Amino acid sequence: VREGLQMEALADLASKAFTKGRYTAAEQLYRTLYDAQPDHVAGLVNLGTILLYRNKCSESIEFFARATRLAPDLAISYFLAGVSYYRMDRLDEAARMFARTIELDPGNAEAFFYLANIEGVSGQYDLALKHFAAALKLKPGLGDAHYNMARLYAEMKQIYKSFIDLYSNPKYRHFRPWELFR
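A brief structural summary.

Quick notes on the rules
Residues numbered from 1 in each chain as written. Predicted model: local features only at pLDDT ≥ 70, side-chain atom pairs only at ≥ 80, totals over all residues. Heavy atoms only, no water. Phe/Tyr/Trp six-rings, centres within 6.5 Å; stacked < 30°, edge-to-face > 60°. Helix = DSSP H or I, 4+ residues; strand = E, 2+ residues; numbered from the N terminus. Buried < 20%, exposed > 50% of the residue type's maximum accessible area, 1.4 Å probe, protein only. Lys NZ or Arg CZ within 6 Å of the ring centre and 35° of its normal. Core = buried A, V, L, I, M, F, W, Y, C linked by side-chain atoms within 4.5 Å. Contact = heavy atoms within 4.5 Å. Salt bridge = Lys/Arg side-chain N within 4 Å of Asp/Glu carboxyl O.

1. Some words on the packing of aromatic side chains
At step 1: By the definition in use, this model includes ten aromatic pairs.
At step 2: Where Phe-79 meets Tyr-114, the ring centres are 6.0 Å apart and the plane angle is 65°; that geometry is what we call edge-to-face. In this pair, Phe-79 sits in helix H5 (residues 75–87) while Tyr-114 sits in helix H7 (residues 109–121), placing the two residues 35 residues apart along the sequence. Across the pair, Tyr-114 and Phe-79 agree in class, each one buried.
At step 3: When the ring centre of Tyr-78 is taken as reference, the NZ or CZ atom of Arg-100 above it lies at 5.4 Å.

2. Details of the nonpolar core
At step 1: Judged by nonpolar contacts, the single largest core of 48 residues is most densely connected at Phe-79, Phe-98, Phe-113 and Phe-132.
At step 2: If we ignore the near neighbours within four places in the chain, the residues touching Phe-79 are Phe-98, Thr-101, Asn-108, Glu-110, Ala-111 and Tyr-114.

3. Brief notes about the pattern of salt bridges
At step 1: In the structure shown here, the tally under the stated rule is ten salt bridges.
At step 2: For Asp-39, the salt bridge is made with Arg-66, and the minimal N-O distance between the two is 2.5 Å. With Asp-39 in the loop between helix H2 (23–36) and helix H3 (41–53) and Arg-66 in helix H4 (residues 57–70), this residue pair connects regions lying 27 residues apart in the sequence.
At step 3: Owing to a relative accessible area of 47%, Asp-39 belongs among the partly exposed residues under this scheme.
At step 4: On the accessibility criterion, Arg-66 (24% relative accessible area) is partly exposed.

4. What about the environment of His-131?
At step 1: Assignment of secondary structure puts His-131 in helix H8 (residues 125–138).
At step 2: His-131 sits twelve residues away from Glu-119 along the chain, and the two C-alpha atoms are 8.9 Å apart.
At step 3: Sequence-distant contacts of His-131, defined by excluding residues within four places in its chain, comprise Phe-112, Leu-115, Ala-116 and Glu-119.

That is the geometry; function is a separate question.
This is how it looks when you write it as structure tokens:
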């Protein structure tokens with residue numbers, strides 16, 4: 001019982017350090033928790049997240065992979081692994097992680113957004129547009145999705161749709177493309 005309380009206190013301290021932006025301290029505390037309880041899924045995800053914040057992406061993937069093995073239906077583990085792979089430019093693995101995230105959590109707008117970016121880069125424009133649209137349906141204020149979708153339309157030589165999508169984002173409503181030609 002005593003050890004359980006100590007681990008709970010340690011997890012609480014690590015969480016508070018992370019919340020306050022003290023990532024080095026949080027990482028050390030979560031590593032201590034990991035040493036004591038290597039199968040603590042929340043601890044694995046949190047340690048992986050801190051490593052991701054600190055741009056230690058390849059190391060973060062190890063913890064996310066372990067978390068997905070222990071809790072295969074926990075969408076956040078796949079999503080964060082996808083972000084790590086994405087940052088390392090390992091887009092095939094990232095796409096698999098985001099696709100799995102969407103299977104488990106179809107309400108994750110950011111997973112649709114990242115997947116659309118990957119598909120756009122790989123030339124799968126129709127799929128990318130579909131996933132940008134899904135991201136925007138879930139989270140209409142996701143400005144980067146509007147912008148990237150508009151850029152994709154422009155690349156496809158569909159300038160009119162590009163302006164419509166960009167202008168539909170409240171962030172860019174002030175933009176008047178016709179004023180560029182005065």
